[in-house]
Amino acid sequence: MTVLIAGAGIAGLSLGLTLHQIGVPFRIYEATAVLRPMGVGINLQPNAVRELLDLGLEAELDRIGVRTRQLGFYSKLGKTIWEEPRGTWAGYAWPQYSVHRGALQMMLYDALVARAGADCVVTGARATGFETGPEGAALILGDGRRVEGRLLIAADGIHSALRAQMYPDEGEPIWNGRVLWRATTRAPAYFGGGAMAMIGHDDLRLVSYPISDPDSDGMVEMNWIAEKRFPLDAAWKKEDWNRAADIGDFLPDFADWRFDWIDVPALIQGAEVVYEYPMVDRDPLPRWTDGAVTLMGDAAHPTYPVGSNGASQAILDARIIGARLLEHGITPRALEAYEADTRPVTTAVGKANRAGGGPDGVLQRVEDLCGGDFDDIDTVIPHADLAAHAARYKSIAGFSIEELNARPRTIAEGARVSA
């Protein structure tokens, strides 16, 4: 009755913790030989934090992350467009966290091993394909091994080998002409700490937020992302993912972004190492499930990182899979039910992010209307319109305050899958 999981990222580990919680045997197969804390900062929305708290991980999240208090949008001149409270400060029953992605992955891994044993994750086991039939599924590994199970869940990321088998003609991820440079820098806290900032417009922007609380000197570990648009035929898309970058490629564009609350050039220059990524996604799929095999996380629905929603949705995928296994048993029917619940939501989010319907869409509207220069934002875009835009994305992504607070638990306390 074992459920096989390809990939020990945030999606796969969250699923492992969920399956352990509901009493479903599982094993995770991870390509890397040793898990290491890779990546930079991410945000976890209250709908995902709720699920992690239901897994008993609140103390661990407080240890590695920051409870996010505020999100703000600012023009390229540093002027305030919109600010709103986040997490419990906004009225949610659960917090929002800013956290280092690698710290989150390792926390999930450590919690899983402590609960289910070290042999629940097999490392050095790269997924290359699958087989499915009436009795279950088989995962094919890079060294030729064939592992059989009742179900197989692909959590192997945007370059998923299992997705590629389902859709062999899909090709590489789609680049939208933007390049991201990501890093962390020890820097002064702004707005009291726990505040996210998005500055600029579609062609040039910076996102920053702390992933540690202020120390005695008011300094934090500040995660930041600089973003610049290039022509679609530029060579950037041919570069390796996650490669160390030369800040000279983008620092001059931000030379004048020194405001009374943040010094962007100093932030960029203060990083020990900066990594470069193309901004890519994939077209939504018409189907994720093939018999006893389905996709989750970035293997199913990679999207632009503009709504702080990618890691959160991976966690939600895991919990919804668990809930449907409770309803339908360890059967392909459970996977079909998970897809029916989740795919329409993630498709809508991906399309909104592509079309500028994400929360940061207000940046370009202000740039188009006034070049980012104004005395009173209400004369550029009425406050009510800004509030409606912010609320609309929360609703699309499934974390509007009233809806989430009223929603019953995804998995009831003590629920177990029947043998």
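Under the annotation held in an unreviewed UniProt entry, the protein chain carries the name Flavin-dependent oxidoreductase and is attributed to Ruegeria pomeroyi.

Turning next to the overall build of the protein chain. Across its full length, the protein chain holds eleven helices and 19 strands. For 419 residues, the compact-globule estimate of 2.2 N^0.38 gives 22 Å, and the protein chain sits close to it at 21 Å. Seen along its three principal axes, the alpha-carbon backbone of the protein chain occupies a region of about 65 × 45 × 40 Å. For the protein chain, with 419 residues in total, the buried portion stands at 56%. Here the analysis covers contacts within the protein chain between residues at least 6 apart in sequence; of these, 75% occur between residues at least 24 apart. When the accessible area of the protein chain is evaluated, it comes to approximately 17,000 Å², of which 50% is carbon and sulfur surface. With 40 positive and 56 negative side-chain charges, the protein chain shows a separation of 4 Å between the mean positions of the two kinds.

This part covers the sheet that holds strand E7 (residues 97-100). Taken in spatial order, the three strands make up an open sheet running E3-E7-E4, and their pairing is antiparallel. With one partner strand each, in any of the chains shown, strand E3 (41-44) and strand E4 (65-67) form the two edges of the open sheet. Averaged over all pairs of adjacent strands, the angle between their axes in this sheet comes to 25 degrees, without regard to strand direction. Both E4 and E7 contribute to a ladder of three bridges, which runs antiparallel. The residue bridging glycine 65 from the neighbouring strand is valine 99, located in E7.

A separate point is the packing of aromatic side chains. Under the criterion given, the structure shown has eleven aromatic pairs. Measuring from ring centre to ring centre gives 4.6 Å for tyrosine 74 and tryptophan 261, while their planes differ by 45 degrees; the resulting arrangement is tilted. Placement of tyrosine 74 in strand E5 (residues 70-74) and of tryptophan 261 in the loop between strand E17 (243-244) and helix H6 (264-269) is noted, with a sequence separation of 187 residues between them. Residue tyrosine 74 shares its accessibility class with tryptophan 261, and that shared class is buried. Residues tryptophan 288 and tyrosine 338 carry aromatic rings whose centres are separated by 5.7 Å and whose planes lie at 45 degrees to one another, so their mutual orientation is tilted. Of this pair, tryptophan 288 sits in the loop between strand E18 (275-281) and strand E19 (293-295) while tyrosine 338 sits in helix H8 (residues 332-354), placing them 50 residues apart in sequence. The residues tryptophan 288 and tyrosine 338 share a single accessibility class, namely buried. Three or more aromatic residues joined by ring pairs make a cluster, and in this case those are Tyr74, Tyr190, Phe191, Phe259 and Trp261.

This paragraph deals with the side chain of serine 208. On the secondary structure map, serine 208 appears in strand E15 (residues 204-210). At 2.7 Å, the side chain of serine 208 forms a polar contact with the side chain of tyrosine 190. Excluding its chain neighbours within four sequence positions, the residues that come into contact with serine 208 are Tyr190, Ala195, Met196, Ala197, Met222, Asn223, Trp224, Ile262 and Leu267.

Listed in full, the buried residues belonging to helix H9 (residues 361-370) are Gly361, Val362, Leu363, Gln364, Val366 and Glu367. On its buried face, H9 is in contact with E5, strand E6 (80-85), strand E14 (195-200), E15 and helix H10 (383-397). Directly beyond the C-terminal end of H9, a positive phi value near 65 degrees is found at glycine 371.

Here we take up the nonpolar core. Membership of the largest hydrophobic core comes to 81 residues, with the highest contact counts inside it found for Val3, Leu19, Leu44, Leu104, Leu108, Leu139 and Met296. Sort the elements by how many residues they give to this core and helix H7 (residues 310-328) lands first, with eight residues. Once residues within four sequence positions are removed from consideration, leucine 19 is found in contact with Val3, Ile5, Val24, Phe26 and Leu325. Ranked by size, the runner-up nonpolar core spans 32 residues in total, among them Ala195, Trp224, Ile262 and Val280.

Taking 1.5 Å of rise per residue, the 13 residues of helix H1 (residues 10-22) would be expected to cover 18 Å, and the 18 Å separating its terminal C-alpha atoms lies within 8% of that figure. For H1, the buried fraction is high: eleven of the 13 residues fall into the buried class. When H1 is considered as a whole, its buried residues turn out to be Ile10, Ala11, Gly12, Leu13, Ser14, Leu15, Gly16, Leu17, Thr18, Leu19 and Ile22. Elements in contact with the buried residues of H1: strand E1 (3-6), strand E2 (26-29), E3, helix H4 (101-116), strand E12 (151-154) and H7. Just beyond H1, the residue with positive phi is glycine 23, at close to 80 degrees.

Moving on to the side chain of serine 160. Within the element layout of this structure, serine 160 appears in the loop between E12 and helix H5 (161-166). If we skip the residues at most four places from it in the chain, serine 160 touches Ala154 and Ala299.

Turning to the pattern of salt bridges, a few remarks are in order. For the coordinates displayed, the defined rule picks out 29 salt bridges. Among the salt bridges present, the one from arginine 27 reaches aspartate 119, with a minimum N-O distance of 3.7 Å. Taken together, the residues arginine 27 in strand E2 and aspartate 119 in the loop between H4 and strand E8 (121-122) connect sequence positions 92 residues apart. Arginine 67 is the partner of glutamate 58 in a salt bridge, and the nearest nitrogen-oxygen pair spans 3.0 Å. Using a relative accessible area of 35% as the deciding quantity, one classes glutamate 58 as partly exposed. Accessibility expressed as a relative area gives 27% for arginine 67, which makes it partly exposed.

Their axes nearest at 8 Å, the elements H1 and H7 cross at an angle of 30 degrees. For the element pair H1 / H7, the angle class is roughly parallel. Crossing of H1 against H7: the hand is right-handed. Two secondary-structure elements touch here, H1 through Ile10, Ala11, Ser14, Leu15, Thr18, Leu19, Gln21 and Ile22 and H7 through Ala311, Ala314, Ile315, Ala318, Arg319, Ile321, Gly322, Leu325 and Leu326. Of the residues that constitute the contact of H1 with H7, the class distribution is twelve nonpolar, four polar and one charged.

Each value, and the rule that gives it
Residues numbered from 1 in each chain as written. Predicted model: local features only at pLDDT ≥ 70, side-chain atom pairs only at ≥ 80, totals over all residues. Heavy atoms only, no water. Helix = DSSP H or I, 4+ residues; strand = E, 2+ residues; numbered from the N terminus. Rg over C-alpha atoms; globule rule 2.2 N^0.38 Å. Buried < 20%, exposed > 50% of the residue type's maximum accessible area, 1.4 Å probe, protein only. Contact = heavy atoms within 4.5 Å. Areas by Shrake-Rupley, 256 points an atom, 1.4 Å probe, with all protein chains shown as cover. Lys, Arg positive; Asp, Glu negative; His and termini not counted. Charge placed at Lys NZ, Arg CZ, Asp CG, Glu CD. Pairing = 2+ DSSP bridges. Axes fitted to C-alpha atoms, helices over the stretch in contact; angles between N-to-C directions. Phe/Tyr/Trp six-rings, centres within 6.5 Å; stacked < 30°, edge-to-face > 60°. Polar contact = N/O pair within 3.5 Å; in protein donor to acceptor, adjacent residues only side chain to side chain. Core = buried A, V, L, I, M, F, W, Y, C linked by side-chain atoms within 4.5 Å. Expected span 1.5 Å × (residues − 1). Salt bridge = Lys/Arg side-chain N within 4 Å of Asp/Glu carboxyl O. Parallel < 35°, antiparallel > 145°, perpendicular 65-115°, else oblique. Left-handed = near helix turned anticlockwise from the far one by under 90°. Nonpolar A, V, L, I, M, F, W, Y, C, P; charged D, E, K, R; others polar.

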